[in-house]
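Structural description and commentary
The residues making up each chain are set out below.
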Amino acid sequence: MMRKILIVDDDQKTRTLLKAYLEKNQYEVRLAHNGESFLAEFQRYADELSLVILDVMLPDTDGFALCKTVRHRSNVPIIMLTASSDETDRIVGLELGADDYIAKPYSPRELLARIKAIHRRTGTDNASAPRFYRFVGFTLDTVERSVVDADGSLVALTGMDFQLLKYFVEHPGDILDRSVLCEETRGRDAGPLDRSLDVQISRLRLRLHDDGKQPMLIKTVRGAGYVFSADVSVSNV
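Presented here is a report on the structure given in the accompanying data block. (Residues numbered from 1 in each chain as written. Predicted model: local features only at pLDDT ≥ 70, side-chain atom pairs only at ≥ 80, totals over all residues. Heavy atoms only, no water.)

Taken in spatial order, the five strands line up as S2-S1-S3-S4-S5 in an open sheet, and their pairing is parallel. Strand pairing shows two members of the sheet lacking a second neighbour, strand S2 (27–32) and strand S5 (100–103), which therefore form its edges. Averaged over all pairs of adjacent strands, the angle between their axes in this sheet comes to 20°, without regard to strand direction. Here five bridges tie strand S1 (residues 3–8) to strand S3 (residues 49–55), and the two strands are oriented parallel to one another. By the bridge assignment for S3, Lys4 is matched with Leu49. The sheet contacts of helix H1 (residues 12–24) involve S1 and S2, and relative to S2 the element is tilted by about 165°. (Pairing = 2+ DSSP bridges. Helix = DSSP H or I, 4+ residues; strand = E, 2+ residues; numbered from the N terminus. Axes fitted to C-alpha atoms, helices over the stretch in contact; angles between N-to-C directions. Contact = heavy atoms within 4.5 Å.)

Here we take up unusual backbone geometry. For the peptide bond that leads from Lys104 to Pro105, omega is -5°, which places it in the cis range. You can see Pro105 is positioned in the loop between S5 and helix H5 (108–121). Positioned with a positive phi, Val136 is a non-glycine residue whose angle comes to about 35°. Take Val136: its relative accessible area is 56%, and that puts it in the exposed class. Despite not being glycine, Arg145 shows a phi value in the positive range, around 50°. If you trace the backbone, Arg145 turns up in the loop between strand S7 (138–141) and strand S8 (146–148). (Buried < 20%, exposed > 50% of the residue type's maximum accessible area, 1.4 Å probe, protein only.)

Here we take up the pattern of salt bridges. With the rule as written, the count across this model stands at 15 salt bridges. For Asp99, the salt bridge identified is with Arg71, shortest N-O distance 3.0 Å. Placement of Asp99 in the loop between helix H4 (87–95) and S5 and of Arg71 in helix H3 (residues 63–73) is noted, with a sequence separation of 28 residues between them. Judged by its relative accessible area of 16%, Arg71 falls in the buried class. Where salt bridges share partners, they join Lys4, Glu28 and Glu48 into one cluster. (Salt bridge = Lys/Arg side-chain N within 4 Å of Asp/Glu carboxyl O.)

Here it is, written out as structure tokens:
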């Protein structure tokens, strides 16, 4: 079954180009030209989508508002497209729950690489690996790709947040440098000024009720990276 992607961009030429290129690479593509048409398409296909691509600048709204709406409804991966060279746009999108961003101008080939990286990292896990990872009252389920707390309540995580947490619980006590974590979640290293991983770590700490000022689960090792300090048990039941 082909993966279904929903793209919103107000430039008709861009929409047409991306649709043709992605369909050539075995994706099913739905298009929207503004916020209103995007929300209609999203409402119709939300449960079938494998990824959403949001242009930040739209005639009737912006990609940030749409990102927030999507996150209230779904954990589907989100890529944001920004024409701004300002880091603020990227950080705001990530804080709202986006999984990745691409700065314009970009090539369809670059976008396809990002899409494949996200699908690869949110795909089916190795059947031989443990299904459950438990730590300080939380349970991560690699099959359902979910995390629940001690009360059995679902923890709202994006696809990339889940992948980051999964990598942490698979390597408890190990100091993991930024390049490794970026590669695991985004398929590429981060530049020296790229704060996207920091935003994602802060968001994950918030979801796990880990104090950002004095974190006990995900600790910062100055000059080295991060370490997941909780005891983790694994099982298949």
